[in-house]
Amino acid sequence: MADRYIEVSLVKRGITARAKLLDDRAPITCAAVWDALPLAGDVYHAKYARNEIYALFPPFAETEPPLENPTVTPIPGDLCYFSFAGTELGTKSYGYDREVRAGTTVVDLALFYERNNLLLNADVGWVPGIVWGQVVEGLDALAEGCNDLWRSGALGESLRFSRAQGLSFGSGRL
């Protein structure tokens, strides 16, 4: 299979990076995400995992992917997939207040933009994620945008995942 690439964007800030899907390490998750693209939603900045932004989605795979290529210590540029039961992290501070009831699922697609992340949540303990992609171009600009998001707020900002259209990113944008 040829390498597949996606764009990861902070829409309002006009920042886009390019990421390679890790089809060899997380084929089921990559297929599920690829088939669901484009995806966009309100962006949140993590509280416990440190240098992470994420957006929440209703389930889009026929069945939730197994825990393939798992980590609890993501590195800069990692794209992670999390799936939570509707009641697992049901608090407004995480953005999980939409479908908080038994029998529901929330999918969390996350980007880690800096070092020293640890997926340990005070409410539930260890939270392994599936590493399904790695940013290969534009991480520095995206990290600057993530830091600005942390300092100035996420209100009105969206995180978008879409299939890559171009061959290369010069300044972090197509």
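Keep in mind that what you see is a predicted model, and the values were worked out from it rather than measured. (Residues numbered from 1 in each chain as written. Predicted model: local features only at pLDDT ≥ 70, side-chain atom pairs only at ≥ 80, totals over all residues. Heavy atoms only, no water.)

1. As for the overall build of the protein chain
A count of helical and extended segments in the protein chain gives two helices and eleven strands. The helix and strand sequence of the protein chain, counted from the amino end, reads β-β-α-β-β-β-β-β-β-β-β-α-β. Here the protein chain, with 174 residues, has 48% of them falling under the buried criterion. The contacts in the protein chain between residues at least 6 apart in sequence include a share of 78% that link residues at least 24 apart. As displayed, the protein chain offers around 8700 Å² of accessible surface, 50% of which is attributable to carbon and sulfur atoms. (Helix = DSSP H or I, 4+ residues; strand = E, 2+ residues; numbered from the N terminus. Buried < 20%, exposed > 50% of the residue type's maximum accessible area, 1.4 Å probe, protein only. Contact = heavy atoms within 4.5 Å. Areas by Shrake-Rupley, 256 points an atom, 1.4 Å probe, with all protein chains shown as cover.)

2. Some thoughts on the nonpolar core
Among soluble globular proteins, nonpolar side chains are generally buried collectively. Of all hydrophobic cores here, the largest spans 34 residues; its most connected members are Ile6, Ile53, Leu109, Trp132 and Phe161. Here this core takes five residues from helix H2 (residues 139-152), the largest share from any one element. If near-sequence neighbours (up to four positions away) are discounted, Leu109 is found in contact with Val33, Leu39, Ile53, Tyr54, Ala55, Phe57, Phe60, Cys80, Tyr81, Trp132, Leu159 and Phe161. Leu22, Ala46, Phe112 and Val127 belong to the second-largest nonpolar core, a separate cluster that totals 14 residues. (Core = buried A, V, L, I, M, F, W, Y, C linked by side-chain atoms within 4.5 Å.)

3. Quick word on H2
Relative to the 20 Å expected for 14 residues at 1.5 Å per residue, H2 spans 19 Å between its end C-alpha atoms, a close match to the ideal helical length. All of the buried residues along H2 are Leu139, Leu142, Ala143, Gly145, Cys146 and Leu149. Looking straight down H2, one finds its buried side chains confined to an arc of 160°; they lie on one side. In H2, those exposed residues whose orientation departs by more than 90 degrees from the buried face are Asp140, Glu144, Arg151 and Ser152. Packed against the buried residues of H2 are strand E1 (5-10), strand E2 (15-21), strand E3 (39-45), strand E4 (52-57), strand E7 (105-112) and strand E10 (129-137). Looking one or two residues past H2, Gly153 carries a phi angle of roughly 110°, positive in sign. (Expected span 1.5 Å × (residues − 1). Arc of directions from axis to C-beta.)

4. Points about unusual backbone geometry
The general pattern is negative phi for most residues beyond glycine and trans for most peptide bonds. A cis amide bond, omega 5°, links Leu37 with the succeeding residue Pro38. Looking at where Pro38 falls in the secondary structure, it is placed in the loop between helix H1 (27-36) and E3. Its identity is not glycine, yet Arg50 carries a phi of approximately 80°, on the positive side. Phi angles above zero are rare outside glycine, and Asn116 is one such case at about 65°.

5. Quick word on the environment of Leu139
Tracing the backbone shows Leu139 in helix H2. As for Leu139 and Gly77, which are separated by 62 residues in sequence, their C-alpha atoms are 6.6 Å apart. With sequence-adjacent residues up to four places away left out, Leu139 is seen in contact with Ala17, Pro76, Gly77, Phe112 and Tyr113.

6. Here's the deal with the confidence of the model for the protein chain
Looking at the protein chain as a whole, the pLDDT averages 89, with 86% of positions reaching at least 70. In this model residues 168-174 is a low-confidence stretch, pLDDT under 50, and it forms 16 contacts with partners more than four residues away in sequence or in other chains. (pLDDT = per-residue confidence, 0-100.)

7. A look at the pairing of strand E6 (residues 78-85)
Of all the eight residues making up E6, six are buried; the element is thus mostly covered by neighbouring parts of the structure. Of the strand pairs in this sheet, E6 and E10 are connected by four bridges, and their pairing is antiparallel. Looking across to E10, one finds that Tyr81 is bridged to Ile130. (Pairing = 2+ DSSP bridges.)

8. Focus: the pairing of E10
Pairing of E2 with E10 involves four bridges; the strand directions are antiparallel. Pairing of Ala19 across the sheet is with Val135, part of E10. Judged from the two bridges that link them, strand E5 (residues 70-71) and E10 form a sheet pairing that is antiparallel. The partner of Thr71 across the bridge, within E10, is Gly129.

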